[in-house]
Amino acid sequence: EAKVLYEEVAKGKEKTAVTTAKLRLASLGLIEGDKKTAYELIDGVLAKEPKNTQALVARAQLLLTDGKSSEALASAKAAIAADPKAPMPQFVAGLCFKSLYQFEEATAAFKTALGLSSGFAPPNVELGKLAIQAGQYQDAAKYAQAAIDQTPTYGEAYLLLAHANVSSGNVAAAEAP
């Protein structure tokens with residue numbers, strides 16, 4: 001089982017492997033509903049490596065699941081400061097802004113994430129969702145199609161494309177081929 005393997009690696013001495021294992025264990029803890037352990041593991045990494053981008057992103061994501069959007073945003077911004085060229089901190093910042101109803105800032109963060117990694121499909125889906133909220137259905141369809149082109153197995157992008165097409169009155173395009 002992956003958890004047992006990560007627990008063994010987390011006991012090791014190689015810093016990068018230990019950090020990665022602890023963050024994976026935190027993710028597994030979150031999936032299992034054990035937020036306490038997830039926080040402890042992430043905070044343990046951050047105590048030793050306060051500018052660890054992956055840990056800061058993981059903390060932001062965990063805080064978002066707890067509805068602590070402002071704290072999550074602070075962690076995402078710290079991750080951006082630690083690694084300005086990484087797309088994931090920008091993406092998570094976008095999610096934080098979106099949860100705070102700061103849609104212009106969310107849009108800017110998602111677009112920055114795309115600029116840092118054009119093959120990163122989730123920002124396109126989030127931009128499409130924002131476009132639907134704004135009644136910009138053609139833009140939403142374009143974002144959805146871009147996500148599908150980047151990751152053909154991304155189911156959420158297909159749902160977004162169907163939603164955009166139905167919302168714009170293009171029901172025929174929303175039907176499965």
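See the structure shown above.
Scoring rules and cut-offs
- Residues numbered from 1 in each chain as written.
- Predicted model: local features only at pLDDT ≥ 70, side-chain atom pairs only at ≥ 80, totals over all residues.
- Heavy atoms only, no water.
- Phe/Tyr/Trp six-rings, centres within 6.5 Å; stacked < 30°, edge-to-face > 60°.
- Helix = DSSP H or I, 4+ residues; strand = E, 2+ residues; numbered from the N terminus.
- Buried < 20%, exposed > 50% of the residue type's maximum accessible area, 1.4 Å probe, protein only.
- Axes fitted to C-alpha atoms, helices over the stretch in contact; angles between N-to-C directions.
- Parallel < 35°, antiparallel > 145°, perpendicular 65-115°, else oblique.
- Left-handed = near helix turned anticlockwise from the far one by under 90°.
- Contact = heavy atoms within 4.5 Å.
- Nonpolar A, V, L, I, M, F, W, Y, C, P; charged D, E, K, R; others polar.

A. The packing of aromatic side chains, seen in detail. Enumeration according to the criterion identifies three aromatic pairs in this entry. Seen from their ring centres, Phe-91 and Phe-110 are 5.6 Å apart, and the 45 degrees between their planes marks the pair as tilted. A residue pair is termed long-range when its members are at least 10 positions apart, and Phe-91 in helix 6 (residues 87–99) and Phe-110 in helix 7 (residues 103–116) qualify at 19 residues. There is no split in this pair, since Phe-91 and Phe-110 are both buried. Consider the rings of Tyr-101 and Phe-103, whose centres lie 6.1 Å apart with planes at 90 degrees: the pair is edge-to-face. On the accessibility criterion, Tyr-101 (65% relative accessible area) is exposed. Every member of this aromatic cluster is reached through a ring pair, and the members are Phe-91, Phe-110 and Phe-120.

B. Main features of the packing of helix 9 (residues 137–150) against helix 10 (residues 155–167). It is at 8 Å that the axes of helix 9 and helix 10 come closest, and there the two elements cross at 160 degrees. The angle between helix 9 and helix 10 falls in the class roughly antiparallel. Of the two elements, helix 9 crosses helix 10, and the hand of that crossing is left-handed. For the pair formed by helix 9 and helix 10, the contact residues are Tyr-137, Ala-140, Ala-141, Ala-144, Gln-145, Ala-147 and Ile-148 on the first element and Ala-157, Tyr-158, Leu-160, Leu-161, Ala-164, Asn-165 and Ser-167 on the second.

C. Examining the environment of Ala-172 more closely. As for its placement among the helices and strands, Ala-172 is situated in helix 11 (residues 171–174). Residues Ala-172 and Ala-162, ten residues apart in the sequence, show an inter-C-alpha distance of 9.7 Å.

D. Focus on the packing of helix 2 (residues 15–31) against helix 3 (residues 35–48). Packing of helix 2 against helix 3 brings their axes to within 7 Å, and their N-to-C directions diverge by 160 degrees. Considered as vectors, helix 2 and helix 3 are oriented roughly antiparallel to each other. Viewed along their axes, helix 2 and helix 3 form a crossing whose handedness is left-handed. Where helix 2 abuts helix 3, its residues Thr-19, Lys-22, Leu-23, Leu-25, Ala-26, Gly-29 and Leu-30 lie against Lys-35, Ala-38, Leu-41, Ile-42, Val-45 and Lys-48. Looking at the contact of helix 2 with helix 3 residue by residue, the class counts come to eight nonpolar, two polar and three charged.

On their own, these measurements won't tell you what the molecule is for.
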